[in-house]
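Reading the structure
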Amino acid sequence: VQLVESGGGLVQAGYSLRLACVASGSTFSINAMNWYRQAPGKQRELVATITRHDGRTYYADSVKGRFTISRDNSNNTMYLQMSSLKPEDTAKYYCHAEVLRGTICCDDYWGQGTQVTVSS
């Protein structure tokens, strides 16, 4: 599975951005997809999760109510709609896929990341 993110950039606080992650390869084996982020000097943290088959979602408390994760299985794309952005949302955002190996869960696949910078 290959993952390619897009949509990052520089915005002012309060504005919105939408990130996209396009998956290719053995996408039928994807169990769930996630957005992670990593700010300079900090650990990578899970931002949001969406399951591929039933669309169940999970959000970190820090983004709940501001970010929305979604997927379009027809074109193997996952999105992260980010609204009311804050300077503390500044980080490199990574797409991650949990890929089944047969019936065994799961192998990890990562995209290259896309930078989001929010100015105050």
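Bear in mind that the values here come from a model prediction, so they are computed numbers and not experimental data.

Our next topic: the nonpolar core. By size, the foremost hydrophobic cluster in this structure holds 30 residues, and its most contacted members are M33, W35, L80, M82 and Y93. Those elements that provide at least two residues to this core are strand 3 (17-24), strand 4 (30-38), strand 5 (45-51), strand 7 (67-72), strand 8 (77-82), strand 9 (91-101) and strand 11 (114-119). Considering every element that reaches this core, the biggest residue donor is strand 9, with five residues. The contact partners of Y93, leaving out residues within four places of it in the chain, are E5, L19, W35, Y36, R37, V47, F67, L80, M82, G113, T114 and V116.

Applying the stated criterion across every chain yields a total of two disulfides. Disulfide pairing is shown between C21 and C95; the S-S distance is 2.0 Å. Handedness here is read from the sign of the S-S torsion; for C21 and C95, about -70 degrees, the answer is left-handed. A residue pair is termed long-range when its members are at least 10 positions apart, and C21 in strand 3 and C95 in strand 9 qualify at 74 residues. The side chain of C105 participates in a disulfide bridge whose partner is C106; the two sulfur atoms lie 1.9 Å from each other. Measuring handedness by torsion sign, the sulfur bridge of C105 and C106 sits at about -100 degrees and is left-handed. With relative accessibility at 53%, the residue C105 sits in the exposed group.

Mapped onto the elements, H96 comes out in strand 9. Judged by relative accessible area, which is 3%, H96 ranks as buried. Within polar-contact distance, the side chain of H96 engages the side chain of D108 at 2.9 Å.

This paragraph deals with the sheet that holds strand 8. Sheet architecture is open: four strands sit in the order 1-3-8-7, paired in antiparallel fashion. Looking along the sheet, the strands with just one partner apiece sit at the ends: strand 1 (2-6) and strand 7. Neighbour-to-neighbour, the strand axes of the sheet open up by a mean angle of 15 degrees, direction not taken into account.

Procedures and definitions
Residues numbered from 1 in each chain as written. Predicted model: local features only at pLDDT ≥ 70, side-chain atom pairs only at ≥ 80, totals over all residues. Heavy atoms only, no water. Core = buried A, V, L, I, M, F, W, Y, C linked by side-chain atoms within 4.5 Å. Buried < 20%, exposed > 50% of the residue type's maximum accessible area, 1.4 Å probe, protein only. Helix = DSSP H or I, 4+ residues; strand = E, 2+ residues; numbered from the N terminus. Contact = heavy atoms within 4.5 Å. Disulfide = S-S within 2.5 Å. Polar contact = N/O pair within 3.5 Å; in protein donor to acceptor, adjacent residues only side chain to side chain. Pairing = 2+ DSSP bridges. Axes fitted to C-alpha atoms, helices over the stretch in contact; angles between N-to-C directions.

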